[in-house]
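Fold and contact review
Spelled out, the chains give:
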Amino acid sequence: MFQKGPFLKDQNHDFLPDALDVKLVLPEDASDAMFLAACDLAYRFGMETTGYEGTILAEAGYKGNQIIFEKADQTELVLGETDGDGVKVYLRGDGEALTAFTARLCNTFPKICGERSWKDLLMDMVDDFILRGEDGQLAELKALQEKESGAYAVYGSPRWSEEQKKEAGDAEVYNYKSGQKMYEKVYEFPWEVEVFEELLETEVYPKLKEGSTVKITGAVSETESVRRKMCEAINAKIREAGAVPEQTTIYCAYKQGYSWLAEEMLPRLKEAGADTVTVYFKPFLPEGQTEWNDENGAIPSYHNLSAETPDKWYDLPIRYLQELYPIEDLLVKELGIERKNVVFKAYEGEDDITYLCRGIKENSVCCEDAYKAAWSERPYMNEYPQMGKVHPSTGYIKAEVNGKPILDKKVRTDLEEIWDVYQSEVLPDCRRYIEEKTGGTVAEEMQPFFHELRMDITVSEPDEPTGSREDLISSLDALHEDMYFAGGDYFKNYGIQKAGVMLDAPGLILPVIHQKEGRPVFRVTLTEPLKDAACITKDGETAAAERKRSEVETWISAVSWENGELNFHITVKGAAEATVKAYAALWSKGVLEKCSCVPAETALVFETESGASYAAQTPEREERPKAKRIENINLHEHELIGYDTYREIIEELKEVPGIEVFRIAVSYTGRELYAVWLKPEYEGYLSLTKRLARVPSEVINARHHANEVASTNASFMLLKKLLTEDVYKELPDKLNLILIPMENVDGAAIHYELQKEHPTWKFHVARFNSLGKEFYRHYFQQDTIHSEAMGISRIYEKYAPDMMVDNHGVPSHEWEQQFSGYTSPSYKGFWLPRSLLYGYFWYVMNPEYKGNYDVNKVMEDVIADKIAAYPEMKALNQEWSAQFEKYAHAWMPKLFPANYYKEMINYWIPYESNPAHGYSSIRYPWITTVAYTSEVADETAQGEYLNLCARAHVAHDEVTIQMLMEARNVMDCRFTEQDGTILTSYIRKRPMIVSR
């Protein structure tokens, strides 16, 4: 009644009601109490609209929406039958009871606990009665048990509490989304070290003679310590044969150029006293091709779909420059030279080499040598060879005896062997399983097809920090990325081929990689959900199953006044009467989760289609006082925050005054998303409509991609500053600010477990949700299995934000995938960190929204000035920008763009206004002026560096908040009255006016 709907219309589509379409009908003998009640209703309706035309009292013969006052002994508000003349609501009663009832109703309805409303609760009840929610599943079970005994099993929501399980009695309760093993396979491989040594045993050692000189050169994808042991063992074997080891060198097959420069050339350059080093790399191009293709890489392509280009190379022309990163840091440190004295150039000679390193001392060459790296060629996808080719590193072995070559062979790395099995067996096995399960027919709405494709890999590979910034040399981190993204691409392309649609939520593709010396082991386990949807079985047969939302309706048919309290009559249509009866009984016992959504002792009456009614009383519960200070809460400012820690902080924040902490969504796996609203201190009824019509609104979202970890820390750190620093005392009166500290809660849970073993890996498996879905594509939908997307949808509808800030992150070290062309195919431009902090402005080009662009430009300015004021942040921005320039932008400026403004990089992404777009500034440009995405290099940050990344987020958030607090809001205010008819409006014009 007091929200957008039949009575309150939104005619200008700004999510705020601007027209009142209801009139009050008073009897001719209306009492003073009726007039007082009518005044309360008129006041409340006026608080919920920004415009009004006409009169509030109905004239004779009026046909339309009506609230009809009637004298009666029972005080109540009753929804009447809707006819062609509109909606009729009857307000019955008289005297003090009527005035008290109406005052309470106008002060509190439809709000329940926190910022939730009856609309939210009624939709949750629909989900209960269609067997989607845990409360409804328990009620359905109790109804079935009451009707007939048997062996019951509930395949239900993951959110069943222990109390609810006890209430289920002998029935077994399972999370229907949990996994059951469908098959498991184990693959074991010879260790590449053993293969290398076996070649020596069979093809070199037997040919050695007394006094022979032997030179062994090779590459294996192993750590330096493993390779050192190999060299020692080889030299010992040569000596055992009476021969002389002239030189034994084994490089790392992964990033061979870096290994060669660091282990071979650096000591020689140091000895020669080089003051300048020039490294030439051969452009990596197909034979006969000389042109470098430079595509746009400012934003991800997200999808790597099939193309009829089987000879296309995924690798970039600068592939072998990329493999050198971050060698400059090592050369500068060890040689004591300046960065400008390390020079990279493209090799233009005819020699069959990959690298040429030339040391210069006092303008003369003092040291020079060349190296040829080994690589193999294969299709990016075995089953889709038309997509193109990739060229992962491979190993090799070369042997010379007395200066004559006797052996020259490739030695496949452990990772190549694993990748072969992944492409030729693991992914096809999973596809065949899906086809057997579905009968060969697949469709987008049939996802997920499996619960988890888990790949446990134990393998000996390099995985170590370089000592510069957050950089790693880790073929294992790269393998994790390759397996996850290539697996996703496989199913997307399979969907296009099979069903004409991408399958981008097949289930969780989860590599779990362990570093250990010795033979590789690859264990593959496929699990599927216990059931495709919630259901209850009796003696093994389905007794009840989840239905569609359209099959059930719930609404408040009446609100009555009993003993000074509001009683709510809820009509349930489409649910079995026995289930409704059980639901009411369980509500009174306090077993249902929904009980906590309404104030204690609230009385409900559930009414069915047959006319039966079942009373329910909300049990008493202890309300926690808001008396906690945020300074006394451990916000874990220097620690990576996982889901469990996040929930602990959220529960403590619920006791902090000045804020409202409320749940906005529940994820696919049952985890909770919360928002924090900085609430103004206000006596009496607080109209959000009037607030949004008076001051701007901002939503700051965090952890949409859960491996981008610093934004959760930043949310809590920012909140602490806003609640404790004097400069923000007036914030609630000047700005509606909402923080969402962790949006992708399922991804955060996955990430936290993985980082325990590898605390600095990128873990893009946690970028999306537990089904592998980029769920922002489900924003603004009314229903979706990717239910975490409902959080932003609900917040947007409620707060109609002028500004959406999405705090994101990028890798803190290079994002390499050697089995995908060295860079991630859909994220090529993100290979290397370019800055500690940079941003994206998503704006509309339509001339009618020119003012939006102007606000974005001011925001760019104030953020740049703010970051420049922090020497540590400014210095790291400059350092990373220099690396990005040297290794990437200077060579391929489109793929690696760097749009500098005041020493910060920002990307301006223009669109035409589009009502179907995922970004609110493009979808609703008349509402949202700015959609800004910040990026800090925090995948995966820990400790002090994590805190620095979080502080960078806080810095740009703070200055943006201050800009909005100081903004000038232009009001369109109108009022005319003629012959008793009022025409009035009070609308805040957007965009607001901001200044630097």
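As named in an unreviewed UniProt entry, the protein chain is Peptidase M14 domain-containing protein, taken from Fusicatenibacter saccharivorans.

When helices and strands are counted, the protein chain shows 23 helices and 44 strands. Along the three orthogonal principal directions, the C-alpha set of the protein chain runs to about 125 × 70 × 55 Å. Counting all 996 residues of the protein chain, 59% fall into the buried class. In the protein chain, 75% of the contacts between residues at least 6 apart in sequence involve partners at least 24 apart. Carbon and sulfur atoms make up 48% of the accessible area of the protein chain, which amounts to about 39,400 Å² in all.

A word on the side chain of Glu-788. For Glu-788, the position within the fold is in the loop between α18 (745-755) and α19 (790-799). The contacts of Glu-788, once residues within four sequence positions are left out, are Ala-665, Val-666, Ser-667, Tyr-668, Leu-673, Glu-743, Asp-746, Asn-769 and Phe-775.

Let's shift gears to the pairing of strand β24 (residues 508-515). Of all eight residues that make up β24, six are buried, and the element is covered over most of its length. Relative to β24, strand β21 (residues 452-459) is paired through eight bridges, and the arrangement is parallel. Paired with Leu-453 across the strands is Ile-509, a residue of β24.

What follows is about the sheet that holds strand β14 (residues 342-346). Picture the strands of a sheet paired through backbone hydrogen bonds; they go either parallel or antiparallel. Ordered in space as β14-β13-β15-β16, the four strands form an open sheet in which the pairing is mixed. Two strands lie at the open edges of the sheet, namely β14 and β16 (364-371), each paired on one side alone. Strand-to-strand, the axes of this sheet are offset by a mean angle of 15°, without reference to chain direction. Helix α8 (residues 256-272) contacts β13 (276-281), β15 (355-361) and β16 of the sheet and is inclined by roughly 155° relative to β16.

By the element assignment, Arg-923 lies in helix α22 (residues 920-923). No salt bridge is formed by the buried Arg-923; its nearest oppositely charged neighbour, Glu-797, is found at 11 Å. Polar contacts involving the side chain of Arg-923 include one to the main-chain carbonyl oxygen of His-917, which spans 2.9 Å. Those residues in contact with Arg-923 that lie beyond four places of it in its chain are Phe-780, Asn-914, Pro-915, Ala-916 and His-917.

Sizing a probe to match a water molecule and rolling it over the atoms shows the empty space that remains. The final tally for this structure, using the stated rule, is four cavities of 30 Å³ or more. The computed volume of the largest cavity comes to approximately 450 Å³. Contributing to the lining of the largest cavity are 34 residues, with Asp-806, His-808, Trp-842, Tyr-919 and Thr-933 lying nearest its centre. A per-element tally of the lining of the largest cavity places strand β36 (residues 803-811) first, with seven residues. Here the lining of the largest cavity is composed, by residue class, of 20 nonpolar, eight polar and six charged. Taken as a whole, the second largest cavity spans an internal volume of roughly 150 Å³.

Turning our attention to the sheet that holds strand β25 (residues 521-529). Read from one edge to the other, the open sheet built from four strands follows the order β10-β25-β21-β24, with strand pairing classed as mixed. Lying at the two open borders of the sheet, with one neighbouring strand each, are β10 (179-188) and β24. On average, each strand axis in the sheet is tilted by 15° relative to the strand beside it, whichever way the strands run. One ladder, built from nine bridges, connects β10 with β25; its direction is antiparallel. Residue pairing in the sheet places Lys-181 in a bridge with Thr-527 of β25. Sheet strands touched by helix α11 (residues 414-438): β10, β21, β24 and β25. Its angle to β10, the strand with the most contacts, is close to 150°.

All right, on to the nonpolar core then. Among the nonpolar cores identified, the biggest contains 220 residues, and Phe-522, Leu-653 and Ile-961 are the most heavily contacted of them. Counting 70 residues, the second largest nonpolar core, distinct from the first, contains Phe-7, Met-125, Leu-592 and Tyr-614.

With that settled, the discussion passes to the packing of aromatic side chains. Scanning the model with the defined rule gives 62 aromatic pairs in all. Note on Phe-2 and Phe-45: the rings are 5.2 Å apart at their centroids and 65° apart in plane angle, and the pair reads as edge-to-face. Here the residue Phe-2 occupies a position in the segment before β1 (8-9), and Phe-45 occupies one in helix α1 (residues 32-47), the gap between them amounting to 43 residues. The buried category is assigned to Phe-2, whose relative accessible area is 3%.

The tally for this structure, following the rule as stated, stands at 95 salt bridges. Glu-334 is paired through a salt bridge with Lys-270; the nearest N and O atoms lie 2.9 Å apart. Of this pair, Glu-334 sits in helix α10 (residues 327-335) while Lys-270 sits in helix α8, and the two are 64 residues apart along the sequence. Between Lys-372 and Asp-352 there is a salt bridge, with the nearest N and O atoms lying 2.6 Å from each other. Here Lys-372, found in the loop between β16 and β17 (378-379), pairs with Asp-352, found in the loop between β14 and β15; they are 20 residues apart in sequence, far enough to count as distant.

Tallying each qualifying case throughout the model produces zero disulfides. With no disulfide of its own, Cys-252 has Cys-231 as its nearest cysteine by sulfur position, at a separation of 12 Å. Relative accessible area serves as the criterion here: at 4%, Cys-252 is assigned to the buried category.

This brings us to α19. Among the ten residues that make up α19, seven are buried, leaving the element largely enclosed by the rest of the structure. Among all positions of α19, only Met-790, Gly-791, Ile-792, Ser-793, Ile-795, Tyr-796 and Tyr-799 are buried. Positive backbone phi, at 40°, marks Ala-800, one or two positions downstream of α19.

In this section: the environment of Val-930. With respect to the helices and strands, Val-930 occurs in strand β42 (residues 930-939). With relative accessibility at 1%, the residue Val-930 sits in the buried group. Residues Val-930 and Ala-890, spaced 40 residues apart in sequence, show a C-alpha to C-alpha distance of 31 Å.

This part covers the packing of α11 against helix α12 (residues 475-499). Packed helices, taken two at a time, are described by their axes: the angle between them and the distance between them. Running from N to C, α11 and α12 point in directions that differ by 35°, and their axes come no closer than 11 Å. As for how α11 packs across α12, the hand of that crossing is right-handed. Between α11, through Leu-415, Trp-419, Tyr-422, Leu-427, Pro-428, Cys-430, Arg-431, Ile-434 and Glu-435, and α12, the contact on the second element is made entirely by Ser-475, Leu-479, Asp-482, Met-483, Ala-486, Gly-487, Tyr-490, Phe-491, Tyr-494 and Lys-498. Within the contact of α11 with α12, the residues separate by chemical class into 13 nonpolar, two polar and four charged.

The next point concerns the packing of α10 against helix α21 (residues 871-889). Closest axis-to-axis distance for the α10/α21 pair is 11 Å, and the angle between their directions is 120°. Between α10 and α21, the angle falls in the class oblique. In this structure, α10 uses Ile-327, Glu-328 and Asp-329 to contact α21, whose residues at the interface are Gln-883, Lys-886 and Tyr-887. Tallied by class, the residues present in the contact of α10 with α21 amount to two nonpolar, one polar and three charged.

The next point concerns helix α4 (residues 134-147). Given 3.6 residues to a turn, an α-helix orients residues that are three or four positions apart in the same direction. A rise of 1.5 Å per residue sets the reference length of α4, with its 14 residues, at 20 Å; its end C-alpha atoms lie 20 Å apart and thus fit the reference within 8%. Listing the buried residues of α4 in full gives Glu-134, Asp-135, Gly-136, Gln-137, Leu-138, Ala-139, Glu-140, Leu-141, Ala-143 and Leu-144. Considering only its buried residues, α4 is in contact with α3 (118-129), β8 (152-156), α5 (162-167), β26 (535-538), β27 (541-545) and α13 (577-589).

Taken together, the seven bridges between β15 and β16 define a ladder with antiparallel strand orientation. From the neighbouring strand, Lys-361 faces β16, where its bridge partner is Ser-364. In this antiparallel pair of consecutive strands, β15 and β16, the connection spans two residues, and Glu-362 shows a positive phi of 50°.

Thresholds, definitions, all that
Residues numbered from 1 in each chain as written. Predicted model: local features only at pLDDT ≥ 70, side-chain atom pairs only at ≥ 80, totals over all residues. Heavy atoms only, no water. Helix = DSSP H or I, 4+ residues; strand = E, 2+ residues; numbered from the N terminus. Buried < 20%, exposed > 50% of the residue type's maximum accessible area, 1.4 Å probe, protein only. Contact = heavy atoms within 4.5 Å. Areas by Shrake-Rupley, 256 points an atom, 1.4 Å probe, with all protein chains shown as cover. Pairing = 2+ DSSP bridges. Axes fitted to C-alpha atoms, helices over the stretch in contact; angles between N-to-C directions. Lys, Arg positive; Asp, Glu negative; His and termini not counted. Salt bridge = Lys/Arg side-chain N within 4 Å of Asp/Glu carboxyl O. Polar contact = N/O pair within 3.5 Å; in protein donor to acceptor, adjacent residues only side chain to side chain. 1 Å grid on protein atoms, 1.4 Å probe; cavity = no way out; pocket = protein on both sides within 12 Å on 5 of 7 lines; lining within 4 Å. Points joined across faces, edges and corners; volume = space filled by probe spheres on them. Nonpolar A, V, L, I, M, F, W, Y, C, P; charged D, E, K, R; others polar. Core = buried A, V, L, I, M, F, W, Y, C linked by side-chain atoms within 4.5 Å. Phe/Tyr/Trp six-rings, centres within 6.5 Å; stacked < 30°, edge-to-face > 60°. Disulfide = S-S within 2.5 Å. Left-handed = near helix turned anticlockwise from the far one by under 90°. Parallel < 35°, antiparallel > 145°, perpendicular 65-115°, else oblique. Expected span 1.5 Å × (residues − 1).

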